[in-house]
Amino acid sequence: MIAEALGVGLCLGGVGYFSAQYAWWRPVVDWSAPRVLMYHMVRSHRPGTRFNKLRVPPEQLEKQLAWLKARDFHFVFASQLFSSGPLPERSVCLTFDDGYEDNWTNADPLLEKYGACATLYLVTQRDGGWSSKKKAHHKDDELQEEPKLTDGQIHSMVKTGRWELGGHTITHANLATIEDQAATHEIAAAKKELDAEFQVNSQTFAYPFGIYESRHLQMVAAAEYQGAVTTESGIAKRPYADPFQVPRIKVSGTEGLLGFSMRMRGGRRGLFK
């Protein structure tokens, strides 16, 4: 009896763990709502480092793109999310934050292979230790050491027609920690620099670290961006209630295709992630 009870307990515990991890019972968000995916790097993991969730291995990205293609998803740019026209059912928008070199060397060949496109939220000054300095106790240079895109590579990306550019400030600033004048400059000057250097019209913005306050929404609008994406997990329906606070689906480099598919259903993998 004890062994039987223990077996039942382990089984129930396993079911509970699976349910908490994947929330399979959560209702699917209507597929007419575009899925906006958030990526950073496309490269293999670095053992013993802190940011492997931001590193999606190329083979993992390929499985995700194949999964999307097999289910008739339509790839769109972020700028299309904020247009007045309708989008196809099952639209998906791939976004890449910061400006890592592997977006060109590893991600772009896969975009070409699967007929996909993506929006690159680009920091205009990609040197220095900005990437991991969200909090004062982040002393490491793990992300600083990651190779960043050069202007020449970005020109090549734009020419493919598979990439559009969006603003992500000049220095990857934590907007909540700087004065209004500096924040306005970080937001508006980034757009001017992107548009002038790459001959584009960057229409959308992503908040560095996902940190912002209500005052920053007005700054982004004043800079003539049409909308902005956050790091909040979720799926929002168009037309957006607030086009300057659109959630995204966080794509983690440390979970498999099941986790990805559950995020595509409801915006997050499980109860807490």
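Described below are features of the structure shown in this document. (Residues numbered from 1 in each chain as written. Predicted model: local features only at pLDDT ≥ 70, side-chain atom pairs only at ≥ 80, totals over all residues. Heavy atoms only, no water.)

## Some remarks on the environment of proline 239
Argument step 1. Looking at where proline 239 falls in the secondary structure, it is placed in the loop between strand E7 (227-233) and strand E8 (246-250).
Argument step 2. Exposure remark for proline 239: the relative accessible area of 77% places this residue in the exposed category.
Argument step 3. Placed 154 residues apart in sequence, proline 239 and glycine 85 show a C-alpha to C-alpha distance of 9.8 Å. (Helix = DSSP H or I, 4+ residues; strand = E, 2+ residues; numbered from the N terminus. Buried < 20%, exposed > 50% of the residue type's maximum accessible area, 1.4 Å probe, protein only.)

## Structural notes on the nonpolar core
Argument step 1. Residues Leu37, Tyr39, Leu65, Leu68, Leu94, Phe96 and Met264 are the most contacted members of the largest nonpolar core, which totals 38 residues.
Argument step 2. Not counting the four nearest positions on each side in its chain, leucine 65 is found in contact with Phe75, Leu94, Leu110, Leu111, Tyr114 and Ala116. (Core = buried A, V, L, I, M, F, W, Y, C linked by side-chain atoms within 4.5 Å. Contact = heavy atoms within 4.5 Å.)

## Considering the packing of helix H2 (residues 58-70) against helix H4 (residues 102-114)
Argument step 1. Between H2 and H4, whose axes approach to 10 Å, the crossing angle comes to 25°. The angle between the axes of H2 and H4 places the two elements in the roughly parallel class. Crossing angle aside, the handedness with which H2 passes H4 is right-handed. Contact residues: Pro58, Leu61, Glu62, Leu65, Ala66 and Lys69 in H2; Asn106, Ala107, Leu110, Leu111, Lys113 and Tyr114 in H4.
Argument step 2. Partitioned by chemical class, the residues of the contact of H2 with H4 number eight nonpolar, one polar and three charged. (Axes fitted to C-alpha atoms, helices over the stretch in contact; angles between N-to-C directions. Parallel < 35°, antiparallel > 145°, perpendicular 65-115°, else oblique. Left-handed = near helix turned anticlockwise from the far one by under 90°. Nonpolar A, V, L, I, M, F, W, Y, C, P; charged D, E, K, R; others polar.)

## A closer look at the pattern of salt bridges
Argument step 1. What the rule picks out here adds up to 13 salt bridges.
Argument step 2. Here glutamate 213 ties to arginine 215 by a salt bridge, and the two come within 2.7 Å at their closest N and O atoms.
Argument step 3. Look at the salt bridges and you will find they share partners, linking Arg43, Arg46, Arg55, Glu142, Glu145 and Glu146 into a network. (Salt bridge = Lys/Arg side-chain N within 4 Å of Asp/Glu carboxyl O.)

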